[in-house]
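Understanding the architecture of this molecule
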Amino acid sequence: MAPWSVAGVSQLSTSPSVPVSLVPSPGGEEGATWVRVALDVPLAGLFDYRAPAGARVGQRAIVSFGRREMVGIVIETPVAPAVAVEQVKDVVQMLDDLPPFPDDWLKLAAFAADYYQRPLGEVMLPALPGPLRKPAAYQGLRAAGGPVARLDARAARAAKPKRTRRKKDQAPDDERALTSEENVSASENAEATSALPPVSLPTLNASQQEAVEALSGLSGFKPVLLHGVTGSGKTEVYLRVAERVLREGRQVMLLVPEINLTPQLEQVFRRRLEAIAGTGGVAVLHSGLADGERLQAWLRAVRGQARVLLGTRLSLFTPLPDLGLIVVDEEHDPSYKQQEGLRYSARDLAIWRARDRGVPIILGSATPSMETWHHAQTGRYLLLSLPQRALAAEPPRIRLLDTRNVKLQQGLAPPLLQAVAQRLEKGEQSLIFLNRRGYAPVLHCDACGWVSGCPRCSAYMVLHRQPPRVPGGPGRHELRCHHCGWQQRVPMACPDCGNQDLQPMGRGTQRLEEHLGELFPGARIARIDADSTRRKGSAQELFARMHAGDIDILVGTQMVAKGHDFQNLGFVGVLNADAMLFSHDFRAPERLFAQLMQVAGRAGRAGTPAEVYIQTGYPEQPLYQALVRHDYAGFARYALRERESAGLPPFAYQALLTAEARELAQAQAFLAQARAWTERTDGTDSSQAADMSRITLYDPVPLRVVRVANVERAQLLVESDSRPALQGFLRAWAGVLPGLAATARVRWHLEVDPLEI
Ligand SMILES: Nc1ncnc2c1ncn2[C@@H]1O[C@H](COP(=O)(O)OP(=O)(O)OP(=O)(O)O)[C@@H](O)[C@H]1O
Ligand SMILES: [Zn+2]
């Protein structure tokens, strides 16, 4: 393994095949005439324009491209354009409302583009807040100066007359979208700091203390795995280390899987860290923000006014001038992986960024990914552990309920029901975890075997209960496809045989909620899943009710499994976990173990003894046995041994080419051609030929759900034991794929380090 190879990410390639040079050419920074610009278009390469008034690398420009105008970023200022001078258009406008993007940011984007095989513009521009990449934001009278200038003007106005400013200078609607409520200037921060009430800090326990000391002693790049069991107080460790870094005058980037669901987390970070960084010193970025709010938070971070950036994966690409520490909380969480466009791992890029900036990075988890755990075991990452819960003496007791010889009541085993009843009596809350939303996964005809298939997908339509039109009224049912969104009424009779008695098969969270209501008529029952939380703010409302103790029994999907620090949850029941036990995806056990550990970890956090019951038909499975012992390390040892003997990640590196077409044959033919290309050795590039010996290409196969919205999908897996070899191959391959795809008329994408196969 090469010394630079870190986690999922290899080094920034300096090989000449990288199409981007970040070094300003002899044309000079100031007064350059030619600019080479990255644009958000699905075409490889950069585009040349003339900038009569000069331009600098990293500066943005509005240019015309085809019939559109677009915002691009200057990557080079070449001495001469790559095409005939007469063909080169002038830029429409150089934008100077922001200083040029710094070198380290350009390097990060260039690395991501090269590593994930995407055009540079498709990496850079989507990473910016909306207004900064929309030419419309710079046009027209109202937009004079652009969104940044407007925001600044507003901030300046707001800073002067302190009391009476609201209402009066309300911006017109389109501008208001770009500016949010508080606009605190840097000087105001300083004032506010002293006004904040002092926060009382908990006394660290011995392992927290050790972790904080070890982390405080770090300088330079060092990845650290903070492996702390659920409820062990990892957050407190992040806070202490962050406080220290802030006092040293540096910025902290804190990545979390989700923010919308856990407003308490945001509050804790604000309260604690703004005591040092000043009011407004913590900027928060996530996809739930309006364009203007996002721009504002982003600008504050970029300008160094915000000293802490707390955000989801999209904040990874925010330039931070004084970055001193990166924290990735719940590093194993799949939501760090973007599943469309640039399919990047924010965790892996965060590690690259930490290395590039020479700062420590903390990866925290109770159930680390196998990749991270492997690095910690082999010493590449420093391993720090919090083996005990911060508050409770004991972790929850986990028990397996063997469902093979038990008579279930509506899918629920008697001991589980008794446990809920007992907690009800004691005034404690219960959580029933079922990772399947809807009423029932399929509707079925007993007479002829008909099932509710989606007309557009190779999948079942899920039976859903609609909320009643009037409170207390009857709920209607309908069929919904979770893959394509298709909806239809429940047929009155079987479409095949006319039988009028169609039956729901299996159960989802809605049906479970209904059953529990019948079984525990006096209890306050609520459900948290994607359906019950569709309305903005409804998830926060439901979680607030749970935290306030207004819910006795909570039914929930994975949305409730992570992050929440419930204080009065005494029991967790888990249904249908077996569904993930025998998946074709080699990562399924890892995900299942993490999910069960996390959901179990919601119980008994405040110190009262708690129990977790898992219903299963396979209690002897090693995964469940490890879970009962709370033995993450044992599970990981077993899982890694299996991966090693099968030659799977982290012992191999993968990429996945997916093709979509009207006909499966078309998609497969394209993949077959893409594969055949690799067998054509024309000897033009001997180094590539040598690398091919380390590359395995599997046969193209249809996806498990092969058809979605009338599009058929197939994929081709590429594997190598060497990341540089895989990267070298992908670089060459990505050059020929667009041509092959155009001829075959298929849509395609290439995913590096895929999480799901
Ligand atoms: N040293 C301490 N003394 C007292 N309470 C503490 C201490 N450290 C943490 N806590 C409290 O313990 C609880 C659990 O901490 P926290 O939520 O940080 O755990 P965690 O490790 O992030 O768990 P999870 O992985 O389950 O999210 C919180 O209520 C926190 O306030
Ligand atoms: Zn469908």
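Residues numbered from 1 in each chain as written. Chains lettered and ligands numbered in written order. Predicted model: local features only at pLDDT ≥ 70, side-chain atom pairs only at ≥ 80, totals over all residues.

Per an unreviewed UniProt entry, the protein chain is named Replication restart protein PriA, and its organism is Pigmentiphaga kullae. The protein chain has a UniProt comment under Subunit (unreviewed entry) that states "Component of the replication restart primosome." (UniProt positions renumbered as here; feature names shortened; annotations may be inferred.)

Scanning the protein chain for helices and strands turns up 20 helices and 28 strands. In the protein chain, which comprises 757 residues, the proportion classed as buried is 46%. Taking the contacts inside the protein chain whose residues are at least 6 apart along the sequence as the reference set, 76% of them involve residues at least 24 apart. (Helix = DSSP H or I, 4+ residues; strand = E, 2+ residues; numbered from the N terminus. Buried ≥ 20, exposed ≤ 12 C-beta atoms within 10 Å, placed from the backbone. Contact = placed C-beta atoms within 7 Å.)

Quick look at the sheet that holds strand 14 (residues 429-433) now. Ordered by their spatial adjacency, six strands build an open sheet running 13-23-22-14-21-20, and the pairing between neighbours is parallel. Edge strands, defined here as strands with exactly one partner in the open sheet, are strand 13 (397-402) and strand 20 (525-528). If you compare each strand with its neighbour and ignore which way they point, the axes differ by 20 degrees on average. Taken strand by strand, helix 15 (residues 588-600) contacts strand 13, strand 14, strand 22 (569-574) and strand 23 (611-616), and its axis lies near 155 degrees from that of strand 22. (Pairing = 2+ DSSP bridges. Axes fitted to C-alpha atoms, helices over the stretch in contact; angles between N-to-C directions.)

This part takes up the site of ligand 1. In the vicinity of ligand 1 lie 20 residues, with Pro202, Thr230, Gly233, Lys234 and Thr235 positioned nearest. Residue contributions to the shell around ligand 1 peak at three residues, all from helix 7 (residues 234-247). The residue inventory of the shell around ligand 1, partitioned by class, reads five nonpolar, 11 polar and four charged. If you count residues domain by domain, the shell around ligand 1 takes at least three from each of domain 2 (180-386) and domain 3 (392-438 + 507-649). (Near = placed C-beta within 6 Å. Nonpolar A, V, L, I, M, F, W, Y, C, P; charged D, E, K, R; others polar. Domains from an automatic or database assignment.)

Turning our attention to unusual backbone geometry. The peptide bond linking Pro649 to Pro650 adopts the cis configuration, its omega dihedral lying at 5 degrees. Inspection of the secondary structure puts Pro650 in the loop between helix 17 (632-646) and strand 24 (653-661). Of note, the phi angle at Asn710 is positive, near 65 degrees, even though the residue is not glycine. For Asn710, the position within the fold is in the loop between strand 26 (701-708) and strand 27 (711-720).

Attention shifts here to the packing of helix 7 against helix 8 (residues 263-277). In contact at an axis separation of 10 Å, helix 7 and helix 8 are set at 20 degrees when each is read in the N-to-C sense. Taken as axis vectors, helix 7 and helix 8 run roughly parallel relative to one another. Once helix 7 is placed against helix 8, the crossing between them reads as right-handed. Contact with helix 7, carried on its side by Thr235, Leu239, Ala242, Glu243, Leu246 and Arg247, involves Val268, Arg272, Leu273, Ile276 and Ala277 of helix 8 and no other residues of that element. Taken together, the residues of the contact of helix 7 with helix 8 break down into seven nonpolar, one polar and three charged. (Parallel < 35°, antiparallel > 145°, perpendicular 65-115°, else oblique. Left-handed = near helix turned anticlockwise from the far one by under 90°.)

Let us now look at helix 1 (residues 103-116). Helix length check: helix 1, at 14 residues, gives a terminal C-alpha distance of 20 Å against a target of 20 Å (1.5 Å per residue), a fit within 8%. Within helix 1, 11 of the 14 residues are buried, leaving the element largely enclosed by the surrounding structure. Among the residues making up helix 1, those that are buried are Trp105, Leu106, Leu108, Ala109, Ala110, Phe111, Ala112, Ala113, Asp114, Tyr115 and Tyr116. The elements touched by buried residues of helix 1 are helix 2 (120-124), helix 10 (346-357) and strand 28 (747-752). (Expected span 1.5 Å × (residues − 1).)

The subject of this paragraph is the pairing of strand 23. Remember that side chains alternate between the two faces of the sheet whenever the strand is regular. In terms of burial, strand 23 is a largely internal element, six of the six residues being buried. Of the two faces of strand 23, both are covered, the one formed by Glu611, Tyr613 and Gln615 as well as the one formed by Val612, Ile614 and Thr616. Judged from the four bridges that link them, strand 22 and strand 23 form a sheet pairing that is parallel. From the neighbouring strand, Val572 faces strand 23, where its bridge partner is Val612.

Turning our eyes to something else, we now look at the UniProt feature "binding site: Zn(2+) 1" (unreviewed entry) in the protein chain. Mapped onto the present numbering, the UniProt feature "binding site: Zn(2+) 1" (unreviewed entry) falls on Cys445, Cys448, Cys494 and Cys497. Of the residues just listed, which span 53 residues, no C-alpha pair is farther apart than 8.7 Å, and they cluster in one region. The class of Cys445 is buried, set by 21 C-beta atoms lying within 10 Å. Checked against the element boundaries, Cys448 lands in the loop between strand 15 (442-445) and strand 16 (462-465). Residues contacting Cys448, with those up to four places away along its chain left out, are Cys494, Asp496, Cys497 and Asn499.

You can read the domains of the protein chain as domain 1 (1-127), domain 2 (180-386), domain 3 (392-438 + 507-649), domain 4 (440-506) and domain 5 (653-752). If you look at the interface, domain 1 gives 18 residues, while domain 2 gives 19 residues. Elements represented by at least two residues in the side of domain 1 that touches domain 2 include exactly helix 1 and helix 2. The element best represented in the side of domain 1 that touches domain 2 is helix 1, accounting for seven residues. Per-class residue counts for the side of domain 1 that touches domain 2 are 13 nonpolar, one polar and four charged.

Before going further, it helps to spend a moment on the environment of Asp565. As for its position among the elements, Asp565 is in the loop between strand 21 (553-556) and strand 22. Between the alpha carbons of Asp565 and Met70 there is a distance of 45 Å; along the sequence they are 495 residues apart. When sequence neighbours within four positions are dropped, the list of residues in contact with Asp565 reads Gln264 and Arg605.

Pairing within the open sheet is antiparallel, and its three strands lie in the order 16-17-18. Here the strands that pair on one side only, and so sit at the sheet edges, are strand 16 and strand 18 (487-489). Strand after strand, the sheet turns through a mean of 35 degrees between neighbouring axes, direction not considered. Pairing of strand 16 with strand 17 (residues 477-480), which is carried by four bridges, proceeds in the antiparallel orientation. Along strand 17, the bridge assignment pairs Val462 with Arg480.

In contact at an axis separation of 11 Å, helix 11 (residues 370-377) and helix 17 are set at 100 degrees when each is read in the N-to-C sense. The angle between helix 11 and helix 17 places the two elements in the roughly perpendicular class. Of helix 17, the residues touching helix 11 (which contributes Met370, Trp373 and His374) are Ala636, Ala639, Leu640 and Arg643. When grouped by side-chain class, the residues that make up the contact of helix 11 with helix 17 number five nonpolar, one polar and one charged.

Scored by pLDDT, the protein chain has a mean of 88; 88% of the residues are at 70 or more. Counted against residues more than four places away or in other chains, residues 1-32, with its pLDDT under 50, gives 62 contacts. Across residues 164-195, where pLDDT falls below 50, the model places 47 contacts with residues more than four positions away in sequence or in other chains. Quick note on the complex model: pTM equals 0.89, ipTM equals 0.97. (pLDDT = per-residue confidence, 0-100.)

What follows covers the environment of Thr33. Locating Thr33 in the fold gives a position in the segment before strand 1 (34-38). In this structure Thr33 comes out as partly exposed when scored by C-beta crowding, with 19 C-beta atoms within 10 Å. Through-space distance from the C-alpha of Thr33 to that of Asp90 is 9.5 Å; in sequence the pair is 57 residues apart. Once you skip the residues sitting within four places of it in the chain, Thr33 turns out to touch Arg50, Ala51 and Pro52.

Attention shifts here to the environment of Gly449. With respect to the helices and strands, the residue Gly449 is situated in the loop between strand 15 and strand 16. Residue Gly449 is classed as exposed on the basis of its C-beta count, with 10 C-beta atoms lying within 10 Å. It is 34 Å that separates the C-alpha atoms of Gly449 and Gly472, two residues lying 23 residues apart in sequence.

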